[in-house]
Amino acid sequence: MSEEAVTTGWDAIDEAVEQIYGEQEPKHYGTLISYALGGADPLDGISVYEADEPLPHWHFVTYGFSELYEKESDYAEESGYGFELTFRLVKGGDEEEPPAWALNLLQNMGRYVFNSGNVFRAGDYLDANGPICLGADTELTALAFVADPELPTIDTANGQVQFLQMVGITNDELEAMQTWNTLGVLSVGLPHMPSYITDLNRESLLVDEVIVKAVQMGMVQEGSNTGILFVDQLDWTAGKKGWLRKSPSILTIGAKQAEIIGKLLRGRLLKDKELTLAGPNNRIILERGEQSNYTEEADAVRIVLHDRAVEEMGKRLLPKQCEFEVPIKDGMTMRIVQTMITDQEGHVVKTIG
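Residues numbered from 1 in each chain as written. Predicted model: local features only at pLDDT ≥ 70, side-chain atom pairs only at ≥ 80, totals over all residues. Heavy atoms only, no water.

Engineer: When you look at the packing of helix H3 (residues 171-179) against helix H6 (residues 255-269) in this model, what are you seeing that I'm missing?
Structural biologist: Two elements in contact, H3 and H6, have axes whose closest approach is 9 Å; the angle formed by their N-to-C orientations is 25°. As summarised for this structure, H3 and H6 are arranged roughly parallel, according to the angle between their axes. Crossing of H3 against H6: the hand is right-handed. For the pair H3 and H6, the contacting residues are Glu-175, Gln-178 and Thr-179 in the first and Ile-260, Lys-263 and Leu-264 in the second. By residue class, the composition of the contact of H3 with H6 is two nonpolar, two polar and two charged. (Axes fitted to C-alpha atoms, helices over the stretch in contact; angles between N-to-C directions. Helix = DSSP H or I, 4+ residues; strand = E, 2+ residues; numbered from the N terminus. Parallel < 35°, antiparallel > 145°, perpendicular 65-115°, else oblique. Left-handed = near helix turned anticlockwise from the far one by under 90°. Contact = heavy atoms within 4.5 Å. Nonpolar A, V, L, I, M, F, W, Y, C, P; charged D, E, K, R; others polar.)

Pasting the structure below:
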């Protein structure tokens, strides 16, 4: 006689969702072969509920980021990664099943977390570098994360679990979140996006002048909450100092992220906040100071910029290939190179710069 599986974590999620949907039987999509045994999908399952308010939509809830069975990790406060993802998607009038692409998107989020160890928290964002639904004609090319408005954090036998809702966002909304903050932009946009329901057909929130002004005011008054920006194309070449030949150091970035870096320089440094650019092989720390200079440290390059240098760089950091000198002691060149956007097969689908 075999022992019954312990499902205390799973049961706790079921109980939380039942508070909203009662006896509704969800459409559940489980995993046949676990990820640990070589299966393709890292999440043990995804349940999908039908909701009518504030407008008809599918409500996806994941099982797998937290500890669903017995406690395995040493950290008692949180269950597993400490969260499960949810996703609310507009329901088409004739839809009887939730779209497969949304299930795949949630499994892809699982692969990202399981493979990288990076976790999501309310206020985070993620650039998808393309439509969140592959092949769809949509402006939504990134994701933001906010606490699910109906599912509060729960305490389970395995630790705490927060329900984080993914929200599809446009590229200009992503930039607004980077230059101000994610929750601020989502909050002012809530009247146009009730319960943070994702609608592939919606236009950018920033066509509304009221929202644009709120974002601009937030950025001016509060600055940017983005302390670390992950930069795909980032390189530092140290300059050469000598009697006969002298060359400046070169900071290289990709055209795709050049403009947002310029905005963040003003939104962070002019508010006396550091900005860190984190690349695959380099880390650049930028800070405000009275004299512009740079220091090569063991694991990073620290660049100090005076206000004039911040303003000048902010204006010249644009999504086009170019080079310009930065007014800094010992000399530094800013180099912006082309960015190639590729599809899943590695084919170049767009060139920036």
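We are not done yet, so read on.
Engineer: Is there a simple way to think about the nonpolar core in this case?
Structural biologist: The nonpolar side chains of a soluble globular protein tend to be buried, and buried together. If you look at the biggest cluster of nonpolar residues, it comprises 33 residues, and the most contacted ones within it are Leu-265, Leu-277, Ile-284, Leu-286, Ile-303, Leu-305 and Leu-317. Ranked by residue count, the leading element in this core is H6, at seven residues. With sequence-adjacent residues up to four places away left out, Leu-317 is seen in contact with Ile-253, Ala-258, Glu-259, Ile-261, Gly-262, Leu-265, Phe-324, Met-334 and Ile-336. Of all hydrophobic cores here, the second largest spans 27 residues; its members include Val-113, Ile-132, Phe-145 and Met-166. (Core = buried A, V, L, I, M, F, W, Y, C linked by side-chain atoms within 4.5 Å. Buried < 20%, exposed > 50% of the residue type's maximum accessible area, 1.4 Å probe, protein only.)

Engineer: Is there a simple way to think about the sheet that holds strand E11 (residues 249-254) in this case?
Structural biologist: Backbone-to-backbone hydrogen bonds join strands into a sheet, with any given pair of strands oriented parallel or antiparallel. One open sheet holds the four strands; their spatial order is E10-E11-E17-E16, and the pairing between them is mixed. Because the sheet does not close on itself, it has two edges, and the strands there are strand E10 (234-237) and strand E16 (322-326). Direction aside, the axes of adjacent strands within the sheet are offset by 20° on average. Sitting on the sheet, H6 touches E11 and strand E17 (332-337), and the angle it makes with E11 is about 105°. Of the strands in this sheet, E16 and E17 touch helix H7 (residues 307-316), which is tilted by about 175° from E16. (Pairing = 2+ DSSP bridges.)

Engineer: How should a negative patch on the surface be read in this particular structure?
Structural biologist: Where like charges cluster on the molecular surface, the negative patch consists of Asp-11, Glu-15, Glu-18 and Glu-23. Inspection of the secondary structure puts Glu-18 in helix H1 (residues 8-21). (Patch = residues over 30% accessible without salt bridge, like charges linked within 9 Å, V, L, I, M, F, W, Y side chains within 5 Å. Areas by Shrake-Rupley, 256 points an atom, 1.4 Å probe, with all protein chains shown as cover. Salt bridge = Lys/Arg side-chain N within 4 Å of Asp/Glu carboxyl O. Lys, Arg positive; Asp, Glu negative; His and termini not counted. Charge placed at Lys NZ, Arg CZ, Asp CG, Glu CD.)

Engineer: Before we go on, may I ask you to explain the side chain of His-59 in this structure?
Structural biologist: In this structure, His-59 sits in strand E3 (residues 57-63). Only 2.7 Å separates the side chain of His-59 from the side chain of Tyr-21, close enough to count as a polar contact. Here the side chain of His-59 touches Asp-148 through a polar contact of 3.0 Å, side chain to side chain. (Polar contact = N/O pair within 3.5 Å; in protein donor to acceptor, adjacent residues only side chain to side chain.)

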